[in-house]
Amino acid sequence: MRFDDSLKTVLSADMDSGFGAQSAWRQLVDLMGRGRIAADEPGLARLRMLRQAVPLQVRSASARALAFATPPAPLVGLFAEDAFAVAAPLLRTVTLDADTWIALLPRLSPQGRALLRHRRDLPAAVERALESFGWVDFVLPDAAADVAPMPVASDVGPAEVEPAVAPTPVVDASEPEPVVIAPLPTPVAVEPIVVAPRVVAMPTVAVAPPEPRPIAAGGFQIADVVARIDAFQRQREPLAAPAEAVEQAPATCFRFDTDSAGVICAVDGVTRGPLIGVSLAVGAPQGVVRIDAGINGAFRQRQRFADVRLDVGGSSDAGGAWRVTGEPQFDAATGRFTGYAAIARRPRSDEDAGRPVQGSGASDSLRQLVHELRTPTNAISGFAELIEAQLLGPVSPVYRDHAATIRRHADGLIAAIEDLDTAARIEGRALELRPRAVAIEPLLERIAADLAPLAALRGTALDIHPMGDHAALADDRAMERLLSRLLATLTSAAVAGERIDIAEAPAPAGQVALCFARPQALGTGGEDALLSIDADAGEEGAPLLGAGFALRLARNLASEMGGALIFGDHLLTLRLPAAVQEGMEQAAN
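As a further point, take unusual backbone geometry. Residues other than glycine seldom take positive phi values, yet Arg302 does so here, at roughly 55 degrees. Locating Arg302 in the fold gives a position in the loop between α13 (293–301) and β4 (305–312). The residue Gln390 is not glycine, and still its phi comes out positive at about 60 degrees. Residue placement: Gln390 occurs in the loop between α14 (361–388) and α15 (397–427). Residue Gln390 is classed as partly exposed on the basis of its relative accessible area of 35%.

Buried residues of helix α9 (residues 124–132): Val126, Ala129 and Leu130, and no others. Along the axis of α9, the buried positions cluster into a sector of 100 degrees, meaning they face one direction only. Across α9 from its buried face, at more than 90 degrees, point the exposed residues Arg128, Glu131 and Ser132. Where the residues of α9 are buried, they touch α7 (98–104) and α8 (110–117).

Attention now moves to the packing of helix α2 (residues 18–33) against helix α3 (residues 41–51). Contact geometry for α2 and α3: axes closest at 10 Å, N-to-C directions at 145 degrees. Crossing geometry of α2 relative to α3 is assigned as left-handed. On α3, the residues touching Ala21, Ala24, Trp25, Leu28, Val29 and Met32 of α2 are Gly43, Leu44, Arg46, Leu47, Leu50 and Arg51. Class assignment of the residues belonging to the contact of α2 with α3 gives a composition of 9 nonpolar, 1 polar and 2 charged.

What follows deals with the sheet that holds β4. In any sheet, the strands associate via hydrogen bonds between backbone groups, in a parallel or an antiparallel arrangement. Read from one edge of the open sheet, 6 strands run β2-β1-β6-β5-β4-β3, paired in antiparallel fashion. Each edge of the open sheet is held by one strand with a lone partner, namely β2 (264–268) and β3 (289–291). Averaged over all pairs of adjacent strands, the angle between their axes in this sheet comes to 30 degrees, without regard to strand direction. Across 4 bridges, strand β1 (residues 253–258) lies against β2 in antiparallel orientation. Residue Asp257 lies in a different strand from β2, and its bridge partner there is Ala266.

Here the focus is the pairing of β1. Residues Phe254, Phe256 and Thr258 line the buried face of β1, whereas the alternating positions Cys253, Arg255 and Asp257 sit on a face that is not buried. Linking β1 back to β2 in an antiparallel pair, the connection comprises 5 residues, with Gly262 at a positive phi of about 85 degrees.

Relative to the helices and strands, Met15 is located in the loop between α1 (6–11) and α2. With relative accessibility at 15%, the residue Met15 sits in the buried group. C-alpha of Met15 to C-alpha of Trp25: the two residues are 10 residues apart in sequence and 9.2 Å apart in space.

One pass over the full model with this rule turns up 8 aromatic pairs. A ring pair is formed by Phe254 and Phe256, whose centres lie 6.0 Å apart and whose planes are at 35 degrees; its orientation type is tilted. The pair formed by Phe254 and Phe256 is uniform in burial state, with each residue classed as buried. Taken together, a centroid distance of 5.6 Å and an interplanar angle of 70 degrees make the contact between Phe337 and Tyr340 edge-to-face. By the ring-pair criterion, three or more aromatic residues cluster together here, those being Phe299, Phe305, Phe330, Phe337 and Tyr340. Over the face of the ring belonging to Phe133 we find Arg113, whose NZ or CZ atom lies 4.2 Å from the ring centre. Sitting over the ring of Phe299, Arg302 keeps its end group 4.7 Å from the ring centre.

Quick look at a nonpolar patch on the surface now. Side chains of Phe19, Phe383, Leu386, Leu391 and Leu392 sit close together on the surface and give an oily, nonpolar patch of about 490 Å² of accessible area. Note that Leu392 resides in the loop between α14 and α15. Accessibility expressed as a relative area gives 44% for Leu392, which makes it partly exposed.

Turning our attention to the pattern of salt bridges. By the definition in use, this model includes 19 salt bridges. Between Arg48 and Glu41 there is a salt bridge whose closest N-O contact spans 3.5 Å. Since its relative accessible area comes to 26%, Arg48 is described here as partly exposed. The salt bridge involving Asp476 is made with Arg436; its shortest N-O contact spans 3.6 Å. Residue Asp476 is found in helix α18 (residues 476–493), and its partner Arg436 is found in strand β7 (residues 436–439); the two are separated by 40 residues along the sequence. Residue Asp476 is classed as partly exposed on the basis of its relative accessible area, which comes to 29%. Three or more residues are tied together by salt bridges with common partners; here these are Glu41, Arg48, Arg51, Glu81 and Arg107.

Definitions and limits used
Residues numbered from 1 in each chain as written. Predicted model: local features only at pLDDT ≥ 70, side-chain atom pairs only at ≥ 80, totals over all residues. Heavy atoms only, no water. Helix = DSSP H or I, 4+ residues; strand = E, 2+ residues; numbered from the N terminus. Buried < 20%, exposed > 50% of the residue type's maximum accessible area, 1.4 Å probe, protein only. Arc of directions from axis to C-beta. Contact = heavy atoms within 4.5 Å. Axes fitted to C-alpha atoms, helices over the stretch in contact; angles between N-to-C directions. Left-handed = near helix turned anticlockwise from the far one by under 90°. Nonpolar A, V, L, I, M, F, W, Y, C, P; charged D, E, K, R; others polar. Pairing = 2+ DSSP bridges. Phe/Tyr/Trp six-rings, centres within 6.5 Å; stacked < 30°, edge-to-face > 60°. Lys NZ or Arg CZ within 6 Å of the ring centre and 35° of its normal. Patch = residues over 30% accessible without salt bridge, like charges linked within 9 Å, V, L, I, M, F, W, Y side chains within 5 Å. Areas by Shrake-Rupley, 256 points an atom, 1.4 Å probe, with all protein chains shown as cover. Salt bridge = Lys/Arg side-chain N within 4 Å of Asp/Glu carboxyl O.

Here it is in structure tokens:
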């Protein structure tokens, strides 16, 4: 036989502290709601005692957890007699028989019974029982105090006005007159409390909406009030229309001039703010502007440059990708260099086919979604780590193992969220990079050590060939993300006994290149075939967002850093700017 000692474990825990009381409350409600323990009077009495030390938010969360379960009727009654925020989740969804509902109705607050009146799945007997409460649920507790200063007091008899000055606004079931507004003899007496007729005085209104019509029992038809609100909203819309910004056509070209130091001093054709003060001699990002290295080299040699890339961030008409052509200008008398006169145009489709200039709204929405996902995921990971480290108190080994699993999965989800954020920043041209010299071989060895458990799981290994002291001119965080996602994808695709070789490859002048062996599972297809592989995202050890997404992210990161990821039949080749070449150019100047 097996004995369920869950209740004994809960009752033996510390309930004196606030945290202990909250933990005991959650566990008792969960056990009672799932039928693990009986909903008897001792258990309910203990819950009532704990309720005094449990915050409203925790009690409300417990009620939401039971909303779509089948909790016993005594437990529903315990939550029903609590605050409305605690009772509402259960009252909206719980299913009880008619007799239980009828017995529970007197214990509910008027708000709780009002919520039940909106349900359409209650038995007919329960609906009749709700109707029997009559006017009791429609009494306003402070109605007597509110009616006293109203101008209708002159039309109400003395016996009805007297409760308004009573020291305590107590509702008496035998005398409902003080809290029920009596029928008015004429509608004129209630006009001071109607706010909507102010719309008639607006000078821009051509035809005023009809006045609300009083009904025979006093007050006004709700439909009339709603109609007046709709009319007021329709009358406001034409006034707000002129204030709306008129969408302008995107700029297709602009001109700019620089001084002898290469600083842009004049712009014509687009907004000047993002461009004024930008120097053609600086290769690093300058605010929202990024200048291609070809412009830097031409400026040092005082030579012409043509169709060189210029990226401007932001939402102005100057934002987006440009192709720039510039001519050096010299003084006719002295021959001294005076600056550049340049013209910029939008790139053609064959020059920038991968990413459109417009349409950053989708990337902004994705970044907002990523932000909303990152916060709760970090909280889950942090709390699981607290449980695993037993910082909140002793925890059994089983629960520590569960916490470790939750933390590991949450960390994987956080990494996927960071990848989504990086992809959105690239799409929206908002990725900030700080190029510096990054040693390649130590970075590869560190990533290989992190991927060792995955390699052991797949039965493969990463073989890094000696590369000397070669370094790349790249952002260290972006380069680490690029290599880690690339190697993780290749490792997860490898089969048992397959090795992934990583070695230096020939590269053009000013660049450094790495080649990676392509696993057999990826086939020999081209770039399109590789980037469409997403079906392995559910396999153990595979990238959470799929191999295709990881490879697209690596390719785009390489492009952002001035390099490229080339997909061959048997090798993947990564090219990045070389840090040694950059240092030689600086020394030469």
